[in-house]
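# Breakdown of the fold
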Amino acid sequence: MPRRDELLAIAAGLFAEKGFKNTTVRDIAEASGILSGSLYHHFDSKESMVDEILTSFQDELFAKYDEVLASDDDARSKIERAVRLSFEAIDQHRHEVAIFQNEADYLGTFDRFAYLAERNAQSRDVWITLLTEGVRSGALRSDLDIELTYRFIRDTVWVAVRWYRPGKKLTHTAVADQYLTILLDGIAHA
């Protein structure tokens, strides 16, 4: 792994664990085994680091969401794929997801991070599109409150970053399977 990528991975872990505001350049440098000044050889600030961490993660995630939206899959399959992609993101990019979940409001107060609000809006559009298509196709109930359902999905999926741990008993696939069963089939007997 290139040194720059190593530094970003270390910074992501610290930002996720300690919070962006509470993580200093010195913390990142010490965890990397270098002097603080040496970090500036790679990045001009910790803001640049978190910007690169979030941008690359979100570019990858939304490219995958776009593939789902553009696919010829039926509405239910598209929802299932989007949920699975989300849990896969938590599994593979746990720190990036935690940073976004915990720090987006704070970072969004800076012009440099205005794109975070745009990504939130884009995420909403993805889910509203999928849910609307699901209702229109008959895959989902016609009395569904789409906005409320979107918020339920958003909050219940992404909060999993707080408790899901890669490499433990439950895989992200198993969590996604159970989540989809609850979401699409319910928990009560028919």
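Description of the structure in this document. Remember, predicted model here, so these are calculated numbers, not experimental data. All chains use their own residue numbering, which begins from 1 and follows the written sequence. Reporting of local features is limited, given that this is a predicted model, to residues whose pLDDT is at least 70; pairs of side-chain atoms are given and counted only at 80 or more, and all residues count toward the totals for whole chains, interfaces and linings. Values shown for side chains rest on all heavy atoms present in the structure; no hydrogens or waters enter the calculation.

## A look at the overall build of the protein chain
A run of H or I in DSSP counts as a helix once it spans at least four residues, and a run of E counts as a strand once it spans at least two, with each numbered from the N terminus. Tallying secondary structure elements over the protein chain gives nine helices and zero strands in all. The principal-axis extents of the C-alpha atoms in the protein chain amount to approximately 60 × 40 × 25 Å. Residue exposure (1.4 Å probe, protein chains only): buried if accessible area is under 20% of the type maximum, exposed if over 50%, otherwise partly exposed. A total of 190 residues make up the protein chain; the buried ones form 41% of that total. Residue contacts are defined here by distance: any two heavy atoms, one from each residue, within 4.5 Å place the two residues in contact. Counting only contacts in the protein chain whose residues sit at least 6 apart along the sequence, the fraction spanning at least 24 positions is 68%.

## Quick word on helix α5 (residues 75-92)
In this model α5 runs 26 Å from its N-terminal to its C-terminal C-alpha over 18 residues, within 8% of the 26 Å that 1.5 Å per residue would give. Every buried residue of α5 is listed here: A75, K78, I79, A82, V83, L85, S86, F87, A89 and I90. Against the buried residues of α5 lie α4 (46-70), α6 (94-107), α7 (115-137), α8 (146-158) and α9 (172-185). Pairs of N or O atoms within 3.5 Å make up the polar contacts considered here, provided that, within protein, one atom can donate a hydrogen while the other can accept it, and that residues adjacent in sequence are counted only when both atoms are side-chain atoms. Two to three positions downstream of the cap, the backbone nitrogen of R76 sits 3.1 Å from a side-chain oxygen, assigning the N-cap of α5 to D74. By this rule, a helix spans an expected 1.5 Å times one less than how many residues it contains.

## What about the side chain of Q58?
Following the sequence through the fold, Q58 ends up in helix α4. Q58 sits in the buried class, given a relative accessible area of 3%. In this view, Q58 contacts F100, Y115, L116 and R119; residues no more than four positions away in its chain are not counted.

## A few points about the environment of G108
Position of G108 relative to the elements: it lies in the loop between α6 and α7. Look past the residues within four positions of G108 in its chain and what remains in contact with it is F113 and L116.

## Topic: the packing of aromatic side chains
Any Phe, Tyr or Trp ring, taking Trp's six-membered ring, that has another such ring centre within 6.5 Å forms a pair; planes under 30 degrees apart are called stacked, those over 60 apart edge-to-face, and the others tilted. Enumeration according to the criterion identifies seven aromatic pairs in this entry. Look at F113 and Y115: their rings are 6.2 Å apart centre to centre, the planes differ by 45°, and that puts the pair in the tilted class. For F113, a relative accessible area of 1% gives the class buried. Among the residues examined, Y115 registers a relative accessible area of 18% and is labelled buried.

## Side note on the nonpolar core
Within soluble globular proteins, side chains that are nonpolar tend to cluster in buried spots. Counting 55 residues, the largest nonpolar core has F15, M49, Y65, F87 and I90 as the members making the most contacts within it. Listed by contribution, the elements that provide at least two residues to this core are α1 (3-18), α2 (25-32), α4, α5, α6, α7, α8 and α9. Looking at this core element by element, the count peaks at nine residues for α4. Residues belong to one nonpolar core when they are buried, are Ala, Val, Leu, Ile, Met, Phe, Trp, Tyr or Cys, and are joined through side-chain atoms within 4.5 Å.

## Thoughts on the pattern of salt bridges
Salt bridge, as used here, is a side-chain nitrogen of Lys or Arg placed within 4 Å of a carboxyl oxygen of Asp or Glu. Applying the stated criterion across every chain yields a total of 16 salt bridges. A salt bridge links R81 to D73; the shortest N-O distance between them is 2.8 Å. Each member of the salt-bridge network shares a partner with another, and the members are E60, K64 and E88.

## Some thoughts on a nonpolar patch on the surface
Only residues whose relative accessible area exceeds 30% and that form no salt bridge are eligible for patches; like-charged ones are grouped when within 9 Å, while nonpolar side chains (Val, Leu, Ile, Met, Phe, Trp, Tyr) are grouped when within 5 Å. Only the protein chains shown count as covering a residue, and every accessible area follows the Shrake-Rupley method with a 1.4 Å probe. On the surface, V159, W163 and L170 cluster together into a nonpolar patch covering about 290 Å² of accessible area. Position of W163 among the secondary structure elements: in the loop between α8 and α9.

## A look at the side chain of S32
If you trace the backbone, S32 turns up in helix α2. Residue classification places S32 among the buried positions, given a relative accessible area of 11%.

## Points about the environment of L130
Summarising the element assignment, L130 is placed in helix α7. Linking L130 and A75, residues 55 residues apart in sequence, is a C-alpha distance of 6.7 Å. Those residues in contact with L130, other than ones at most four positions away along the chain, are V68, L69, K78, I79 and A82.

## Side note on the environment of E96
Note that E96 resides in helix α6. The exposure class of E96 is buried, given its relative accessible area of 17%. A sequence separation of 18 residues divides E96 from A114, and the C-alpha atoms of the two residues are 17 Å apart. Look past the residues within four positions of E96 in its chain and what remains in contact with it is I53, L54 and F57.

It is worth stressing that arrangement in space is one thing and function is another; only the former is reported here.
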